[in-house]
Amino acid sequence: QVQLVESGGGLVQAGGSLRLSCAASGIIFSFEAMGWYRQAPGKQRELVAAITSGRSTNYAESVKGRFTISRDNAKSTVYLQMNSLKPEDTAVYYCNAAVPGTYWPWGQGTQVTVSS
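Residues numbered from 1 in each chain as written. Predicted model: local features only at pLDDT ≥ 70, side-chain atom pairs only at ≥ 80, totals over all residues. Heavy atoms only, no water.

A.B. asks: I tried to follow the sheet that holds strand β9 (residues 91–97) on my own but got confused; where do I start?
C.D. replies: Backbone hydrogen bonds hold the strands of a sheet together, and the pairing may be parallel or antiparallel. Here we have six strands laid out as an open sheet, ordered β2-β10-β9-β4-β5-β6, and mixed in their pairing. Two strands close off the open sheet at either side, each with one partner strand: β2 (10–13) and β6 (57–59). Between one strand axis and the next, the sheet turns by 25° as a mean value, whatever way the strands run. Here strand β4 (residues 34–39) pairs with strand β5 (residues 46–51) via five bridges, running antiparallel. Residue pairing across strands places Trp-36 opposite Ala-49, the latter belonging to β5. (Pairing = 2+ DSSP bridges. Helix = DSSP H or I, 4+ residues; strand = E, 2+ residues; numbered from the N terminus. Axes fitted to C-alpha atoms, helices over the stretch in contact; angles between N-to-C directions.)

Next up, the structure:
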């Protein structure tokens, strides 16, 4: 079965950086468009970055220029480099399929907390 395991979150001061990782299993990873999502308390889950199998990328306006998504197909892993973090980036971050409606079971996510 499909398993997504996110890691790399933590507590960081505003302006700091974190690198998130998501290891996938049970899928042909190199064929899949992958996305990073986040959910803040009381808010809906939102897509913040996506990368296609051809490595084209897309970002939410709120993170453009600060976050970078990348992938390592040999490791079946997608990354999210987050720089210049802001308190409003505080959320639980998840990875999953980038195409809405084609989601696999969600992982446990990784908590990112940005202090001001």
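A.B. asks: Help me understand the packing of aromatic side chains, please; the structure alone is not making it clear to me.
C.D. replies: The geometry of an aromatic ring pair comes down to the distance between the two centres and the angle between the two planes. Within this structure, the stated rule accounts for four aromatic pairs. Ring geometry for Tyr-37 against Trp-106: centres 5.2 Å apart, planes inclined by 85°, an arrangement best described as edge-to-face. Of this pair, Tyr-37 sits in strand β4 while Trp-106 sits in the loop between β9 and β10 (110–115), and the two are 69 residues apart along the sequence. Given a relative accessible area of 3%, Tyr-37 falls into the buried group. Since its relative accessible area comes to 30%, Trp-106 is described here as partly exposed. Arranged with centres 5.1 Å apart and planes meeting at 50°, the rings of Tyr-103 and Trp-106 form a pair that is tilted. Judged by relative accessible area, which is 36%, Tyr-103 ranks as partly exposed. Seen from the ring of Tyr-79, Arg-19 lies directly overhead, with NZ or CZ sitting 4.0 Å from the centre. Above the plane of the ring of Trp-106 lies Arg-45, whose end atom (NZ or CZ) is 3.9 Å from the centre. (Phe/Tyr/Trp six-rings, centres within 6.5 Å; stacked < 30°, edge-to-face > 60°. Buried < 20%, exposed > 50% of the residue type's maximum accessible area, 1.4 Å probe, protein only. Lys NZ or Arg CZ within 6 Å of the ring centre and 35° of its normal.)

A.B. asks: I'm lost on the nonpolar core in this one. Help?
C.D. replies: Leu-4, Trp-36, Ile-69, Val-78, Leu-80, Met-82 and Tyr-93 are the most contacted members of the largest nonpolar core, which totals 31 residues. Taken together, the elements giving at least two residues each to this core come down to β3 (18–25), β4, β5, β7 (67–72), β8 (77–82), β9 and β10. Here Met-82 is in contact with Gly-16, Ser-17, Leu-18, Leu-20, Arg-66, Phe-67, Tyr-93 and Val-112, once residues within four sequence places are set aside. (Core = buried A, V, L, I, M, F, W, Y, C linked by side-chain atoms within 4.5 Å. Contact = heavy atoms within 4.5 Å.)

A.B. asks: Just checking my understanding: could you explain the state of the cysteines for this structure?
C.D. replies: By definition, a disulfide links the sulfur atoms of two cysteines through a covalent bond. Counting across every chain of the model gives one disulfide. Two residues share a disulfide in this structure: Cys-22 and Cys-95, whose sulfurs sit 1.7 Å from each other. Here Cys-22, found in strand β3, pairs with Cys-95, found in strand β9; they are 73 residues apart in sequence, far enough to count as distant. We classify Cys-22 as buried; its relative accessible area is 0%. (Disulfide = S-S within 2.5 Å.)

A.B. asks: Help me understand the environment of Gln-44, please; the structure alone is not making it clear to me.
C.D. replies: Here Gln-44 is to be found in the loop between β4 and β5. If near-sequence neighbours (up to four positions away) are discounted, Gln-44 is found in contact with Arg-38 and Gln-39.

A.B. asks: Can you walk me through the pairing of β3 in this structure?
C.D. replies: Each regular strand displays side chains that alternate between the two surfaces of the sheet. Relative to β3, strand β1 (residues 3–7) is paired through five bridges, and the arrangement is antiparallel. Across the sheet, residue Glu-6 finds its bridge partner in β3, namely Cys-22. Here β3 pairs with β8 via six bridges, running antiparallel. Bridging from a neighbouring strand, Ser-21 pairs with Tyr-79 of β8.

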